[in-house]
Amino acid sequence: MTRSLGYLFIVLVTFCIACSSQSENTSLPIIDNIALSKSLLKVEVLAKDLNVPWDLAYADDGYLWFTEQSGSISRAHLTTGQKTKVLTIKEVWSLRTTGLLGLAIHPDFKRNPYVFVNYTVKQDTTVYNKLVRYYFANDTLTQPKLLLTTVGYRAHNGSRLAISNNGKLLWATGDAYNGNNAQSLSSLNGKILRLNLDGSIPKDNPYPNSYVWARGFRNMQGLTVSDKGKVYTSEHGDAIEDEVNLIEKGGNYGWPFIEGMHNKPEELAFADAHQTKEPLKSWTPVIAPSGISYYNSSLIPEWKNSLLLTTLKAKSFRVLSLNDDGTQIKAEEVFFENHYGRLRDVCSDAEGNIYISTSNHDWNPQPGFPLSGDDKILKISPAKKPTHKPLTAVKVQKGNAAIDGAQLYNSYCASCHQTNGQGVKDVFPALAGSKNVTGSTTTLIKMVQNGINSKSGQQMPSFSFLKDQETAAILTYIRKSWNNKSSAITPQQVKSNR
Ligand code: HEC
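If you're wondering where the values come from, they're calculated on a predicted model, not measured in any experiment.

Cut-offs used in this document
- Residues numbered from 1 in each chain as written.
- Predicted model: local features only at pLDDT ≥ 70, side-chain atom pairs only at ≥ 80, totals over all residues.
- Heavy atoms only, no water.
- Domains from an automatic or database assignment.
- Contact = heavy atoms within 4.5 Å.
- Buried area = accessible area lost by both parts, 1.4 Å probe.
- Salt bridge = Lys/Arg side-chain N within 4 Å of Asp/Glu carboxyl O.
- Polar contact = N/O pair within 3.5 Å; in protein donor to acceptor, adjacent residues only side chain to side chain.
- Nonpolar A, V, L, I, M, F, W, Y, C, P; charged D, E, K, R; others polar.
- Axes fitted to C-alpha atoms, helices over the stretch in contact; angles between N-to-C directions.
- Helix = DSSP H or I, 4+ residues; strand = E, 2+ residues; numbered from the N terminus.
- Parallel < 35°, antiparallel > 145°, perpendicular 65-115°, else oblique.
- Buried < 20%, exposed > 50% of the residue type's maximum accessible area, 1.4 Å probe, protein only.
- Expected span 1.5 Å × (residues − 1).

Can you help me understand the domain arrangement of the protein chain in this one?
One frequently used descriptor of interface size is the decrease in accessible area upon assembly of the parts. Domain annotation for the protein chain reports domain 1 (27-395) and domain 2 (405-496). The C-alpha-based centres of domain 1 and domain 2 are spaced at 32 Å. Across the boundary between the two partners, domain 1 contributes 14 residues, which contact 16 residues of domain 2. The largest contributions to the domain 1 side of the interface with domain 2 come from Y177, A239 and K313, which together make up 33% of the buried area. Counting every contact that joins domain 1 to domain 2 gives 0 salt bridges. At the surface where domain 1 touches domain 2, the tally comes to 4 residue pairs in polar contact (both at pLDDT 80 or more). Across the side of domain 1 that touches domain 2, the residue classes tally to 7 nonpolar, 3 polar and 4 charged.

Pasting the structure below:
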């Protein structure tokens, strides 16, 4: 009794301190301004000290909901930032890219307070992905209903959730590290799945009695639905060709036989035979695209009718302007490159304010990050006058650059082996001090040409698509950096080992 009264007292005092400081200053901390052609924007910190906020979703009761990878679901008030943890899911298995991932909120949340999440679980040695629906009542999530289970793996679990304009739940799944899954109609992996909100199969799905809506995907990290009902995804390529796709009913997107644009002879043959869909855009070198969100508000008119995209590897926020019917990307602008670190997700609210989350506490931390207060959720909205020197967009450079080993290394290799050549412990080997790097030139050239399939489950893709000159520049660079002191490799040596 005394204890609970004491507790109540502390709560009241804390609450009064919180309300008095808030009545003096209801605004969130502003950390940057952005100048567009007409609009001036501000960037505020809505929430901080989070653990990889993987998915953000707006609810029409005035809150931004978010998942943290380790297993919790929270919501933050859109103007005060006041944050409450709503649920922690104990069975979540969170390691590298597994954990509590996708989140979707019922579009009419006030009347239908349903929350959908998917997450990875591990039982003995078997990994699954669960899709679960909750009901929000009394500040917590209740009545968990398991809608669907898919095969999982230590990597390539996807995934994202979204609700389509006609009220169906979409789930973008990963191929669970097995390309064959992506083409097979009897597997739920490497697919866009489409469900009724109670977990049943909609009658108008393309294949009878199947959740499959579209197939041929590797590892999607972004999913969004436009005002007109168009569905877009972002997806990680292997060593090259990250993608943004426009999803069509029954569409085949080609993985593992096609990566990115349909431009190699064997890809064209598969495309002909299976009428595959080409991405709206692909990126080589890769940028690791993550959350994607269709934006159509007049609040920031320069960004109306565009796809907002966050990226992990490229550590940037990108605005992809669409044509009128949403079938083409007309232009790409890049913001915040290297400024806030890895960015995991993006969404907007009913007024058109935009929210992005950082991912600097995830499995692949970058030099210079995390910043203090990471991980954060940032709010982007119009500002009246600047309080900081405004940031501007960087136009995307079309590469014709001179061949530079360090730059090529950073584009093609550093996402795994890291800029400093130290790799990631137990995942990607260090190239600094590696005998395979400093030793036989033939072995090294062959490894990089052919890729490496290891027992550990981590794999190195083949880099045979690089030109001889490019491979030679990268290999010379890694043989002479980070205290490695070996001979250069020439384009002729690469050529004779193809
Ligand atoms: C997608 C991640 C990834 C990328 C990108 C990548 N590698 Fe690797 N690399 C690996 C993995 C995983 C291994 C270890 C495979 C094994 O278990 O043997 C490896 C091994 C190596 C090795 C052997 C090191 C040793 O000590 O055994 C070399 C050399 C190497 N990579 C060079 C490169 C170069 C050069 C590039 C860029 C052109 C590159 N890698 C890009 C994942 C990657």
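Help me understand the packing of helix 4 (residues 405-412) against helix 8 (residues 468-480), please; the structure alone is not making it clear to me.
Between two packed helices, both the angle of their axes relative to each other and the distance between the axes serve to describe the pair. Their axes nearest at 8 Å, the elements helix 4 and helix 8 cross at an angle of 95°. In terms of axis orientation, helix 4 runs roughly perpendicular to helix 8. Contacts between helix 4 and helix 8 pair G405, A406, L408, Y409 and Y412 from the former with E470, A473, I474, Y477 and I478 from the latter. A per-class count over the contact of helix 4 with helix 8 returns 8 nonpolar, 1 polar and 1 charged.

Looking at this model, I keep getting lost on the pattern of salt bridges. Mind explaining?
Between side chains of opposite charge, a pair can form when the charged atoms approach closely. Summed over all chains, the structure comprises 16 salt bridges. Here E332 and R318 are joined by a salt bridge, their closest N and O atoms 2.8 Å apart. Within this pair, whereas E332 is found in strand 22 (residues 329-335), its partner R318 is found in strand 21 (residues 317-322), the two being separated by 14 residues in sequence. Each member of the pair, E332 as well as R318, is classed as buried. K425 serves as the salt-bridge partner of D426, at 3.5 Å between the closest nitrogen and oxygen. When its relative accessible area of 69% is taken as the criterion, D426 is described as exposed. K425 gets classed as exposed once you look at its relative accessible area, which sits at 70%. Look at the salt bridges and you will find they share partners, linking K281, R318, E332 and E337 into a network.

For this particular structure, what's the right way to read helix 8?
Quick reminder: α-helices carry 3.6 residues per turn. Residues three or four places apart thus point the same way. Helix length check: helix 8, at 13 residues, gives a terminal C-alpha distance of 18 Å against a target of 18 Å (1.5 Å per residue), a fit within 8%. Among the 13 residues in helix 8, 10 count as buried, and that is most of the element. Among all positions in helix 8, only D468, E470, T471, A472, A473, I474, L475, T476, I478 and R479 are buried. Residues of helix 8 that are buried in the fold lie against helix 4, helix 6 (435-438), helix 7 (441-450) and helix 9 (491-496). Looking at the residues trailing helix 8, positive phi occurs at W482, about 50°.

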